[in-house]
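# Residue-level structure breakdown
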Amino acid sequence: MLELFAIPLVKIVVLIGALMTVTAYLVLLERKMAAWVQDRRGPDRVGVPLTKIRLFGLGQPLADGLKFLFKEEFTPRHVEPLLYTLAPVVTLASALAIYAVIPMGDTLPLKIGASGANLSMVVAPGCDVGLLYIFALSSIAVYGVILGGWASNDKYSFLGGLRTSAQMVAYELPLGLGILGVVLVSGSLDLGKIIHQQADSGLWFAFTQPLGLVVFVVAAFAEAARLPFDLPECEQELVGGYHTEYSGMRLITFLIAEFMHMVTVSFLIVILFFGGWHFWGLTGSGPVESWGQGILRIGVLMAKVFGVILFFMMVRWSWPRFRFDQLMSLAWKVMLPQGLLNLALMAVLCEPFIAERIGSRHWGVFLLISWAVALLAWLVTALVQPSGPENSPQRVEPSI
Amino acid sequence: MSWHALEFYFLALMACAFALAVVFAANVVRMAFYLILSLGATAGLFFLAGADFVGAMQLMMYVGGTLVLLVFGVMLTAQGPWVSIRTSGGEWVLAALVGGSLLAVLVPTAMRLDPAPNHEHAAVPGTAHKSENKAPDAKASTEPQTTRPTATRIGLGLIGAPTSGTSGYLLPFEAISIHLLVVLIGAAYLARPKRRARPKLVESDEA
């Protein structure tokens with residue numbers, strides 16, 4: 001009973017509690033960062049309630065959360081009541097369920113129960129099809145958007161839902177192609193095993209598959225609807241989006257889920273391409289032996305994920321938004337061919353190199369080839385410009 | 001009643017109930033939503049049976065792929081705000097005929113199955129260590145690495161690896177791949193931008 005129910009339940013409670021708190025404070029960090037980039041101060045007033053203590057604005061997430069909780073739950077009369085209510089639930093549930101297979105570290109030498117196994121830092125350890133599971137759930141996340149936009153029964157929401165789901169469906173392909181190279185080389189769909197493999201060879205997949213990394217990161221930005229691709233909710237030009245008709249708790253459910261997607265893809269980027277909890281000369285590569293090592297691995301993983309999240313936030317304030325046709329042609333004309341090229345390259349290189357394990361004497365050749373192909377691919381893309389700018393106002397031929 | 005049975009009945013009930021809801025609902029998008037839930041519950045049944053690869057594939061292909069397209073199509077072609085479908089009498093008869101004949105095939109097949117088909121399946125998570133006698137194999141229940149990796153086995157079986165003992169499905173697999181490639185090219189051809197010759201200014205006609 002203990003192993004079957006108690007441990008996973010405790011893990012789930014700790015994980016969701018931590019995720020929600022961290023999400024709230026990441027939003028504060030994002031606002032602070034926006035302020036820093038734009039030379040403002042950002043939220044710095046809210047501190048301990050009922051006192052004058054400001055505490056650098058650390059009370060802001062709490063205040064925001066309370067505000068959303070106490071806001072009136074207004075349901076417009078023209079909506080489809082069932083699906084209107086369910087859409088945010090579907091979105092958040094699929095965003096949270098992904099964390100069942102995402103490792104938060106390696107293991108801790110804490111023996112619980114009859115077996116002598118270490119306490120794993122995954123809710124569902126050893127899930128053999130972990131990556132497939134993540135993909136399945138991320139494709140379910142589209143439903144929240146579609147149903148929310150449709151059930152709102154409003155033209156802007158409906159168009160927003162269509163726009164968002166088209167974007168998500170289009171970028172699911174490059175996302176999968178970026179991952180497939182890693183799966184091919186590591187030979188496993190289990191995230192824990194993929195990390196262990198990178199730790200054993202000491203060679204993160206970011207170095208061996210630069211092309212795959214770029215494709216995956218770009219697709220991840222689009223899937224998480226972060227700024228260069230945040231057409232789902234651009235308040236300035238396109239009247240919000242699928243959640244125009246939502247307010248209060250339902251709105252924040254959508255927003256949390258969207259923010260959570262960013263954290264998820266940050267975890268995926270780190271785990272698949274940046275070695276997960278591994279760092280040279282610091283964490284070791286074998287199974288965990290001591291408490292210090294176990295905690296250090298958790299710390300390294302979290303630090304890397306935090307770094308990737310900071311990168312996401314920096315990009316948000318550095319790039320203008322794409323237009324919808326640019327977004328689509330980037331997916332289909334640039335990212336898809338590059339992803340296919342990466343997959344083909346890995347399939348070709350796999351045969352001679354993986355047979356005798358990378359990390360042996362030939363990995364230099366492997367690196368050289370993959371980087372040469374990646375640079376060539378980027379160069380060709382830059383020269384050909386398949387997603388052509390077409391931004392300039394064009395002179396219309398006078399028709400007679 | 002063991003946990004495994006309880007979970008099975010819950011998921012099976014969900015799949016059946018939402019399948020019925022698909023039939024009796026009048027609103028197209030609601031139908032699609034019930035179909036999502038029904039197929040999701042079916043995926044849950046696969047997971048429960050230890051076929052995690054098939055379960056994940058069910059979620060990915062049907063729930064995440066086919067149905068998204070379906071809902072997409074409905075939304076793009078819908079004329080009014082709430083599309084509703086009334087089933088005519090002839091359609092009821094036809095559907096009952098097709099569904100009934102499928103049921104007539106499936107029920108005898110299911111009844112003829114050996115209740116305890118394979119001892120090898122005893123190691124599947126859900127059947128063994130979710131039942132009452134989990135004391136002996138407690139080691140196996142917390143060591144998920146020892147459960148069978150289904151994805152690897154399916155892959156090996158597909159290409160006909162010598163370990164699986166089957167002849168493999170490499171040829172059908174390749175045939176399907178070619179077929180899908182042809183379909184893809186056809187779709188790309190149909191969807192290509194129609195290139196029209198740019199209308200030129202014809203001056204001689206004006207003169």
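Going by the structure above, here's the rest.
Just so we're clear, the structure is a prediction, and the values are computed from it rather than from any experiment. (Residues numbered from 1 in each chain as written. Chains lettered and ligands numbered in written order. Predicted model: local features only at pLDDT ≥ 70, side-chain atom pairs only at ≥ 80, totals over all residues. Heavy atoms only, no water.)

## Some details on the overall build of chain A
Selection criterion: Under the DSSP-based scheme used, a helix requires at least four consecutive residues in state H or I and a strand at least two consecutive residues in state E, with every element numbered from the N terminus. C-alpha atoms define the radius of gyration, and 2.2 Å times the number of residues to the power 0.38 defines the globule rule. For each residue, the accessible area found with a 1.4 Å probe, counting protein chains only, is set against the maximum for its type, and the residue is called buried under 20%, exposed over 50%, and partly exposed in between. Here a residue-residue contact requires only that any non-hydrogen atoms of the pair lie within 4.5 Å. The accessible surface values rely on the Shrake-Rupley method and a 1.4 Å probe; as for residues, cover is taken only from the protein chains in view.
Across its full length, chain A carries 13 helices and two strands. Over its C-alpha atoms chain A spans a radius of gyration of 23 Å, differing by no more than 12% from the 21 Å that the globule rule assigns to 400 residues. Taken along its principal axes, the extent of the C-alpha atoms in chain A is 70 × 65 × 45 Å. Split into buried and exposed, the 400 residues of chain A put 54% on the buried side. Excluding contacts between residues fewer than 6 apart, the proportion of contacts in chain A whose partners are at least 24 apart in sequence is 78%. A total of about 18,200 Å² of accessible surface is found on chain A, and carbon and sulfur atoms cover 70% of it.

## Quick look at helix α3 (residues 52-77) of chain B
Filter applied, for reference: Here the expected span of a helix is defined as 1.5 Å times the quantity of residues minus one. One axis fitted to the seven residues ending at a residue, another fitted to the seven starting there: the angle between these axes is the bend at that residue.
The end-to-end C-alpha distance of α3(B) is 36 Å, a good match for the 38 Å that 26 residues give at a rise of 1.5 Å each. Along its length, α3(B) shows its largest kink, about 35°, at Leu67(B).

## Quick word on unusual backbone geometry
Residues and elements named next belong to chain A. Despite not being glycine, Asn-153 shows a phi value in the positive range, around 55°. Among the structural elements, Asn-153 can be located in the loop between α4 (130-151) and α5 (155-186). In the Ramachandran plot, Ala-225 falls in the positive-phi region, its phi being about 55° despite a non-glycine side chain. On the secondary structure map, Ala-225 appears in the loop between α8 (210-223) and α9 (235-238). Judged by relative accessible area, Ala-225 falls into the buried class, the value being 8%.

## Considering the environment of Ala374(A)
Residue and element names in this part refer to chain A. Looking at the element boundaries, Ala-374 is found in helix α13 (residues 363-384). The exposure class of Ala-374 is buried, given its relative accessible area of 0%. For the pair Ala-374 and Leu-110, spaced 264 residues apart in sequence, the C-alpha to C-alpha distance is 44 Å. Excluding its chain neighbours within four sequence positions, the residues that come into contact with Ala-374 are Pro-210 and Leu-211.

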